Amino acid sequence: MKKKGSITVFLALVLSVLLSLVATSIQSVQTAAARTQILNGLDIGLYSLFGQYDRSLLKDYDLFFLDGAQGGTELDLAAVYDNMESYMKPVLKQNSQKLRIKQGGFTGYRLATDQNGEVFYHQAVSYMKDTLGGQGVQALLNRLKDREEKTKQAETDGKTAENGGTLENYDSEMNGAFNKSQEAAEAAKKEEAKEEDFGSGEDGGFSDGESNNAKNPIPAIRRIRTMSLLDLVVPASKGISEVQISTKDLVSKRNLEVGMSMPGNPTEDSSQTSQMLFQKYLTDRLGNYQKPAASGLKYQQEYILGANDNDRANLRTVANRLLLIREGINAACLMSDAGKRAQMHALALAIASGFLVPPAAVIIEAALLLCWSFAESVLDVRELFHGGKVPLVKNAANWQLSLENLPYLLENLDSQRKDAENGMSYEDYLQVLLLAQSKQEKLQRGMDMIEVCIRESKGRDSFRLDCCIEAIEASVDVDANRNRVFTVTRQYSYI
């Protein structure tokens, strides 16, 4: 027996609604799945792209940056985008979705040199905070700030002493005395005897002014002052690097690439703690005279202070500053030491009597002070370059050169100098000098030295820090199942 079936209009309407709901749900799930797959594809593309960070920067400088030149000589964002897209496409082909990239690009990116190098600075400081911490650095900063104040004042005092015209006044007095003596000699018809006592010599036509067994050390020191300071203080056995580089294409000299603004740019940080952390970062990774770099300029910390294109000139800059600092400190020690002042006063009177111009004793004493502090400073700087330490402040106990040995400075360069166990080393002085440099000078010149070193690596001669990418914001339009276009945006940053 056959049974007949039927469906009511109401049930038909209910089923149509249910079918619409199911169809809509399936489409919604398909759309959500497509969107999730597109987002995953962009995330994987960015992660894979930034996984190609510059190995040299990480290995030698603990920095994460992506080479935006992609092996070329200039920033190539098209190649960077194509590289990222190549990692997206396999992800989009998965499952049953029909996903196709219509167009895409970068809506923002940050370069290492952006914001006057703040991006580079921020990453270096962040690394130092993670590895070193702030408490120990603050203690180091407090100690260095005290030393900086003393050395800055000493350098100012040294410049004042050098520019005060002390030796010029001495020359004027002595030449005047010489001329008067010559006139008196001619009048007394004792020209030959007077010429022996006041022979012309090499010091402006006047004698050494020796009388009553008083040896005038000033002419000898004046001759030494005309010599090259590096020849006086640098160990002959170690020598001086003659490396020279071209600086015209370095960060501090050329026009730099500029990134495209994006959210999350680092704010400027000029706090003392961050500057100390950055300085510690530089001194840990850049070479100096005591620990030369393996590539580029050998004396890289000295370059930050001198900004010259060769090691010798940068070393000379540092040596001259060290000499001025030590002169200021040593002159202050002489002025505060009553015994040494009495020695200078007695010798000045003796020399003035030898010239028959007792009033010149004051000028001669000032010249003796300058010459004695200069000679003591030469020994100090020589000790620093030999790897020893020198007291920040001198006293009678650690003074090295006697007034009697002042004329024989060259013969006593190594026998007279002393190492002070609790003093400051050459590298300690570099720390103090660097602390006085501006943040921007340290940042720009530090990046110069990093560029130079990496360019000496095989195949990296075109390396540029302003082609190094730290962050990217990417946006892509993807056609999903030929009926809808999704636009997705994602950011990735190393910090």
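For the structure given in this document, a descriptive report is provided here.

Scoring rules and cut-offs
- Residues numbered from 1 in each chain as written.
- Predicted model: local features only at pLDDT ≥ 70, side-chain atom pairs only at ≥ 80, totals over all residues.
- Heavy atoms only, no water.
- Phe/Tyr/Trp six-rings, centres within 6.5 Å; stacked < 30°, edge-to-face > 60°.
- Lys NZ or Arg CZ within 6 Å of the ring centre and 35° of its normal.
- Salt bridge = Lys/Arg side-chain N within 4 Å of Asp/Glu carboxyl O.
- Helix = DSSP H or I, 4+ residues; strand = E, 2+ residues; numbered from the N terminus.
- Buried < 20%, exposed > 50% of the residue type's maximum accessible area, 1.4 Å probe, protein only.
- Contact = heavy atoms within 4.5 Å.

Enumeration over the complete set of coordinates arrives at 16 aromatic pairs. A ring pair is formed by tyrosine 492 and tyrosine 494, whose centres lie 6.2 Å apart and whose planes are at 85 degrees; its orientation type is edge-to-face. A network of ring pairs unites the aromatic residues Tyr47, Phe50, Tyr53, Phe64, Tyr492 and Tyr494 as a single cluster. For the cation-ring pair, arginine 55 lies above tyrosine 53, with the distance from its terminal atom to the ring centre recorded as 4.1 Å. The ring of tryptophan 399 has lysine 394 sitting right over it, with the charged end atom 5.3 Å from the ring centre.

What follows is about the pattern of salt bridges. Scanning the entire structure with this criterion turns up 22 salt bridges. Between aspartate 479 and arginine 100 there is a salt bridge, with its nearest N and O atoms 3.5 Å apart. Separated by 379 residues along the polypeptide, aspartate 479 in strand β3 (residues 468–480) and arginine 100 in strand β2 (residues 99–111) bring together distant segments of the chain. Residue class for arginine 100 comes out partly exposed when judged on its relative accessible area of 49%. As a salt-bridge pair, arginine 312 and glutamate 242 come within 2.6 Å of each other at their nearest N and O atoms.

Next up on the list: the environment of lysine 298. On the secondary structure map, lysine 298 appears in the loop between α10 (272–285) and α11 (300–306). Look at lysine 298 and you get partly exposed, because its relative accessible area is 24%. In this structure the C-alpha to C-alpha distance between lysine 298 and glutamine 244, which are 54 residues apart in sequence, comes to 9.5 Å.

Moving on, we get to the side chain of aspartate 479. Take aspartate 479: its relative accessible area is 14%, and that puts it in the buried class. In this view, aspartate 479 contacts Lys98, Leu99, Arg100, Lys102, Arg484 and Val485; residues no more than four positions away in its chain are not counted.

Moving on to the side chain of lysine 442. Tracing the sequence through the fold places lysine 442 in helix α16 (residues 439–455). For lysine 442, a relative accessible area of 2% puts it in the buried group. Not counting residues within four places of it along the chain, the set of residues in contact with lysine 442 comprises Gln275, Phe278, Gln279, Leu282, Ile304, Leu434, Leu435 and Gln437.

A separate point is unusual backbone geometry. Positive phi, normally seen in glycine, also occurs at glutamine 115, with a value near 55 degrees. Assignment of secondary structure puts glutamine 115 in helix α4 (residues 114–132). Of the residues examined, glutamine 115 reaches a relative accessible area of 37% and is grouped as partly exposed. With a phi close to 60 degrees, asparagine 116 is a non-glycine residue in the positive phi region. Tracing the sequence through the fold places asparagine 116 in helix α4.

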